[in-house]
Amino acid sequence: MTIKAIQDEIVDEFSMFDDWMERYEYIIELGKKLPLIKEEYKTEDNLIKGCQSKVWLKGEQNEDAIVFTADSDAILTKGIIAILIRVFSNQKAADIIDADMSFIDEIGLKEHLSPTRANGLVSMIKNIKMYAIAFNAKA
């Protein structure tokens, strides 16, 4: 699936919920299903700076795609990174770099997060794009 198709799917899923309590519960459920990062990757190098919670992100090249794994010590944050990994894992570096992030506004995520969590979301996206830029430069 393309990044845009996955983003559209997420927007559709979020539109099924009437209020933000249901959406938070859904984000938490997504976090519980997140394939966890290997313990050996829970290092300072893989820690995302700018997040209120601890979030580890690892990107690895798999042929022409990048596969991401992550974890967080906070359940809501784990759900947020799970959404981003669903969108960007197994995608080409150039597609990640060029990806439009408006789906985050469409589901209302940023406006329903505390300022520190919203900053963390921006940092997560930045780190994902930095992995893509680095892998793209190697190619």
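Look a little higher up for the structure.
Report follows, based on the coordinates. (Residues numbered from 1 in each chain as written. Predicted model: local features only at pLDDT ≥ 70, side-chain atom pairs only at ≥ 80, totals over all residues. Heavy atoms only, no water.)

Our focus in this paragraph is the pattern of salt bridges. A full pass over the atoms with the stated rule returns nine salt bridges. Lys4 is paired through a salt bridge with Asp8; the nearest N and O atoms lie 2.9 Å apart. With Lys4 and Asp8 both in helix α1 (residues 3-15) and four residues apart, this pair spans about one turn of that helix. With a relative accessible area of 48%, Lys4 lands in the partly exposed category. Using a relative accessible area of 31% as the deciding quantity, one classes Asp8 as partly exposed. The partner of Lys92 in a salt bridge is Asp64, and the shortest N-O contact between them spans 3.7 Å. Of this pair, Lys92 sits in the loop between α3 (75-88) and α4 (93-98) while Asp64 sits in the loop between β1 (55-62) and β2 (65-72), placing them 28 residues apart in sequence. You can call Asp64 partly exposed: its relative accessible area is 48%. (Salt bridge = Lys/Arg side-chain N within 4 Å of Asp/Glu carboxyl O. Helix = DSSP H or I, 4+ residues; strand = E, 2+ residues; numbered from the N terminus. Buried < 20%, exposed > 50% of the residue type's maximum accessible area, 1.4 Å probe, protein only.)

What follows is about the nonpolar core. Within the largest apolar cluster, 44 residues are counted, with the highest numbers of intra-cluster contacts made by Leu57, Phe68, Ile81, Leu84, Phe88, Phe103 and Leu109. At the level of secondary structure, the elements contributing two or more residues to this core comprise α1, α2 (20-32), β1, β2, α3, α4, α5 (103-106) and α6 (115-138). Broken down by element, the residue count for this core peaks at nine residues, all from α3. Discounting residues that sit within four places of it in the chain, Phe68 has contacts with Leu57, Lys58, Gly59, Ile85, Phe88, Ser89, Ile96, Ile128 and Tyr131. (Core = buried A, V, L, I, M, F, W, Y, C linked by side-chain atoms within 4.5 Å. Contact = heavy atoms within 4.5 Å.)

As a further point, take the packing of aromatic side chains. Counted according to the given criterion, the structure contains six aromatic pairs. Note on Phe14 and Tyr26: the rings are 5.6 Å apart at their centroids and 80° apart in plane angle, and the pair reads as edge-to-face. Here the residue Phe14 occupies a position in helix α1, and Tyr26 occupies one in helix α2, the gap between them amounting to twelve residues. Both residues of the pair, Phe14 and Tyr26, count as buried. One aromatic cluster in this structure is built from Phe14, Phe17, Trp20, Tyr24 and Tyr26. In this structure, Lys58 is placed above the aromatic ring of Tyr41, and the distance from its NZ or CZ to the ring centre is 4.9 Å. (Phe/Tyr/Trp six-rings, centres within 6.5 Å; stacked < 30°, edge-to-face > 60°. Lys NZ or Arg CZ within 6 Å of the ring centre and 35° of its normal.)

Another point: the side chain of Asn46. Structurally, the position occupied by Asn46 is in the loop between α2 and β1. We classify Asn46 as buried; its relative accessible area is 10%. Within the structure, the side chain of Asn46 is placed 3.5 Å from the side chain of Tyr131, a separation counted as a polar contact. When sequence neighbours within four positions are dropped, the list of residues in contact with Asn46 reads Tyr41, Val55, Trp56, Leu57, Lys58 and Tyr131. (Polar contact = N/O pair within 3.5 Å; in protein donor to acceptor, adjacent residues only side chain to side chain.)

Next up on the list: the pairing of β2. Across the eight residues of β2, six count as buried, placing the element largely inside the fold. Pairing between β1 and β2: eight bridges, direction antiparallel. If you follow Trp56 over to β2, its bridge partner there is Asp71. Where β1 folds back onto β2 in an antiparallel hairpin, the turn is made up of two residues, including Glu63, whose phi is positive at roughly 55°. (Pairing = 2+ DSSP bridges.)

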